[in-house]
Amino acid sequence: MLIVLNNKSNFNVDGFSKYLLELDKIKNKDNIILCPSSCYLPFCIDKNITIGSQDVSMKNSLFATGEITAKQLKSLGVEYTLVGHADRDESVDMVKSKVKNLLSVGINPILCVGEDNEDSSIDNIKKDLLARLNYIMSDLKLEEREKIIIAYEPKWAINVDIDLKVSDVSTIVEFIHHIFINNKILYGGGVAKENYKHLKKIEYLDGILVGRFGNNIDNLKEVLK
């Protein structure tokens, strides 16, 4: 199962260096994608791990002060990039531009989608997800669409401890799979050691996107046994 580590804004420079050193000791890490803070991406060059970024600029010009373009990320060895994460609160048009920029340089977008409210009905969740995904992919060729990893991550489940309803996750994952049959699908939000063993049994689920959970090396060692 694929494990995408979103470090978010955790770690100072010393803390990240120690984290990277401990991560490097994990033997069976071929299925891990590390997404550190952008300032730490250069630390990851030549390390034996797949690198992703947490964001990308909407611009591809030389005049994007304070941002990192898709071309720059590519030059750092970045292979994947999170797009549309709820922490960033971006419009669907912003997300669409970023997806196109990434694909133009050969970086695979990890496209985050999910409902705002816990009390949303399954039918409404399906309707909203489909509309958002179809709009973002509307101008893309089929081969481009299939390079996008879809991360189902309910906004209300991020950065909190929840009693995860695995059956609901399974229902949404199956729905996404039957429409976007060649896209990999991840789940994120409230992932913990206790529910990971249930999540990895979900049919059509290719992996998980984790924040706090993945910042603890002991957690990773536990689930990678």
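These notes cover the structure that comes with them. Numbers given to residues run from 1 along each chain, matching the order in which its sequence is written. pLDDT decides what is reported in this predicted model: residues at 70 or higher carry local features, side-chain atom pairs at 80 or more are listed and counted, and totals for whole chains, interfaces and linings draw on all residues regardless. Working from all heavy atoms in the structure, the side-chain values ignore hydrogens and water.

What follows deals with the sheet that holds strand β8 (residues 207-210). Around the barrel, 8 strands lie side by side as β1-β2-β3-β4-β5-β6-β7-β8; this closed barrel has parallel pairing. Each strand axis lies, on average, 25° off the axis of its neighbour in the sheet, ignoring direction. With 2 bridges connecting them, strand β3 (residues 50-53) and strand β4 (residues 80-83) associate as parallel partners. Bridging from a neighbouring strand, Ser53 pairs with Thr81 of β4. One bridge is not enough; two strands pair if DSSP finds at least two bridges between them. What counts as a helix is a DSSP run of H or I of at least four residues, what counts as a strand is a run of E of at least two, and both are numbered from the N terminus. Think of each axis as a best-fit line through the C-alpha atoms, taken over the contacting stretch in the case of a helix, with angles from 0 to 180 degrees between the N-to-C directions.

What follows is about the pattern of salt bridges. Throughout this description, the term salt bridge denotes a Lys or Arg side-chain nitrogen within 4 Å of a carboxyl oxygen of Asp or Glu. Applying the stated rule across the entire model yields 9 salt bridges. In this structure, Lys8 and Asp87 form a salt bridge, with 3.0 Å as the shortest nitrogen-oxygen distance. In this pair, Lys8 is assigned in the loop between β1 (2-6) and α1 (13-25) and Asp87 in the loop between β4 and α3 (92-104), connecting sequence segments 79 residues apart. The buried label goes to any residue with under 20% of its type's maximum accessible area, the exposed label to any with over 50%, and the partly exposed label to all in between, with areas taken from a 1.4 Å probe on protein chains only. Residue class for Lys8 comes out buried when judged on its relative accessible area of 16%. For Asp87, a relative accessible area of 43% corresponds to the partly exposed category. Each of Asp55, Arg88, Glu90 and Lys98 takes part in one network of salt bridges that share partners.

This paragraph deals with α1. For α1, spanning 13 residues, the distance from its first C-alpha to its last is 19 Å, which sits close to the expected 18 Å at 1.5 Å a residue. Here a residue-residue contact requires only that any non-hydrogen atoms of the pair lie within 4.5 Å. Packing partners of the buried residues in α1 comprise β1, β2 (32-35) and α8 (217-223). Expected helix span is given by 1.5 Å per residue-to-residue step, counting one fewer step than there are residues.

All right, on to the pairing of strand β5 (residues 108-113) then. Taking burial as the measure, the 6 residues of β5 include 6 buried ones, the bulk of the element. Of the two faces of β5, the one holding Asn108, Ile110 and Cys112 and the one holding Pro109, Leu111 and Val113 are both buried throughout. The pairing of β4 with β5 spans 4 bridges and is classified as parallel. When the sheet's bridge partners are listed, Thr81 is paired in β5 with Pro109. Handedness of a crossover: with both strands directed away from the viewer, a clockwise path from the first strand across the helix to the second marks it as right-handed. Running through α3, the crossover from β4 to the neighbouring parallel element β5 is right-handed. Relative to strand β6 (residues 149-152), β5 runs parallel, the two being bridged by 4 bridges. Bridging from a neighbouring strand, Leu111 pairs with Ile150 of β6.

Let's shift gears to the side chain of Ser57. Relative to the assigned elements, Ser57 resides in the loop between β3 and α2 (70-75). Think of a polar contact as two N or O atoms within 3.5 Å of one another; within protein, one of them needs to be a possible hydrogen donor and the other a possible acceptor, and neighboring residues in sequence only count if both atoms come from side chains. A polar side-chain atom of Ser57 sits 2.4 Å from a polar atom in the side chain of Glu67. Excluding its chain neighbours within four sequence positions, the residues that come into contact with Ser57 are Ala64, Glu67, Ile68, Thr69, Lys98 and Asn101.

Let us now look at the packing of helix α4 (residues 122-137) against helix α6 (residues 166-179). Any two packed helices are characterised by the angle at which their axes cross and by the distance between the axes. The geometry of α4 relative to α6 is characterised by a closest axis approach of 11 Å and an angle of 35° between their N-to-C directions. When you trace α4 past α6, the crossing you get is right-handed. Residues Ile122, Ile125, Lys126, Leu129 and Leu130 of α4 pack against Asp168, Thr171, Ile172, Phe175, Ile176 and Ile179 of α6. Left-handed describes a crossing whose near helix is turned anticlockwise from the far helix through less than a right angle; right-handed describes the clockwise counterpart.

Here we come to the pairing of β8. Residues in a regular strand project their side chains so that they alternate between the two faces of the sheet. Along β8, one buried face is formed by Gly207 and Leu209 and the opposite face, lined by Ile208 and Val210, is buried too. For β1 and β8, the ladder comprises 4 bridges, and the chain directions are parallel. Considered in β8, the bridge of Ile3 is made with Ile208. In terms of strand pairing, strand β7 (residues 185-188) meets β8 through 3 bridges, oriented parallel. Following the sheet pairing, Tyr187 is matched in β8 by Ile208.

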